[in-house]
Amino acid sequence: MTPVEGQDWIFDRFITTANKNVDMFEVNIASNPHLNAEALVLLEEDLTDEEKEVRQKGIFTPKGGLVLKEFDLRRHVISPSSVIPHSWAIYVSIDHGYNNPTAILWHAVSPKGKVVTFHEIYMRKVVIKDYASMIKKFNFMVGIEPMLYIGDPSMSQRNAITGTSALDEYRRHGIPVMAGKR
């Protein structure tokens, strides 16, 4: 097996405990006589250093770090003092959760289609009334009125106790969110 999931349960159960009933061999992908050398070179070009350890050498490596390795704070984050031009359309996307975090993102779209995500709320165990209040407060503070609020399609599911949905609740508190398409 190739340990692409990092130091998972297999690592915990068989490697760290030195299980005497299990033999482990780390084999380099280049040792496989059935693989084309040209294909191996192409594979290597697409791998990060961490992925090379796993895919080429079969080494258990811990998972962690950035989701997007190419993320650069200087390049991908604009300063709070930056102003989004008034000619750009503003959209808000909502992926609601309670135990799992709610993510609310503000996006500005230029006339040429460039999208800049410029604000987020990412929290868990907060009720919709409070999220609606945060949304209104930020919009007022920045002086914007979004063209559209779009929500995850699952937000239209009705609660068996109240008969209402997350969409209904946001709307009740003044956020006219629409459900996206499945």
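Everything below is about the structure printed above this text.
Each chain has its residues counted from 1, running along the sequence as written. Whole-chain, interface and lining totals are the exception, using all residues; otherwise, since this is a predicted model, local features are given only for residues with pLDDT of at least 70 and side-chain atom pairs are given and counted only at 80 or more. Remark: hydrogens and water are excluded; side-chain values derive from all non-hydrogen atoms of the structure.

### Things to note about the nonpolar core
Reasoning step 1: Definition of nonpolar core: a set of buried residues of the types Ala, Val, Leu, Ile, Met, Phe, Trp, Tyr and Cys, connected through side-chain atoms within 4.5 Å. Exposure is judged per residue with a 1.4 Å probe applied to protein chains only, and the accessible area is read against the type maximum: over 50% gives exposed, under 20% gives buried, and values in between give partly exposed. If you look at the biggest cluster of nonpolar residues, it comprises 24 residues, and the most contacted ones within it are I94, I104, W106, I135 and Y170.
Reasoning step 2: Helix numbers and strand numbers start at the N terminus; a helix is a DSSP run of H or I with at least 4 residues, a strand a run of E with at least 2. Mapped onto this core, the elements with two or more residues apiece are β1 (89-95), β2 (102-109), β3 (115-123), α5 (128-142) and α6 (166-172).
Reasoning step 3: Sort the elements by how many residues they give to this core and α5 lands first, with 5 residues.
Reasoning step 4: Those residues in contact with I135 that lie beyond four places of it in its chain are I94, I104, W106, Y149, Y170 and I175. Throughout, a contact is declared for two residues whenever any of their heavy atoms are within 4.5 Å.

### Describing α5
Reasoning step 1: How far a helix is expected to stretch is found by multiplying one less than its residue total by 1.5 Å. Taking 1.5 Å of rise per residue, the 15 residues of α5 would be expected to cover 21 Å, and the 21 Å separating its terminal C-alpha atoms lies within 8% of that figure.
Reasoning step 2: For α5, the elements touching its buried residues are β1, β2, β3, β4 (148-151) and α6.
Reasoning step 3: Just downstream of α5, G143 is the residue with a positive phi angle, here 75°.

### Quick look at the side chain of T102
Reasoning step 1: With respect to the helices, strands and loops of the structure, T102 is situated in strand β2.
Reasoning step 2: Among the residues examined, T102 registers a relative accessible area of 0% and is labelled buried.
Reasoning step 3: We call two N or O atoms a polar contact when they sit within 3.5 Å, provided that within protein one can donate a hydrogen and the other can accept it, with sequence-adjacent residues counted only if both atoms are side-chain atoms. A polar atom in the side chain of T102 sits 3.4 Å from the side chain of H96.
Reasoning step 4: In terms of polar contacts, T102 uses its side chain to reach the side chain of Y131, at 3.5 Å.
Reasoning step 5: Sequence-distant contacts of T102, that is, excluding residues within four places in its chain, are made with D95, H96, G97, I121, Y122, M123, Y131 and Y170.

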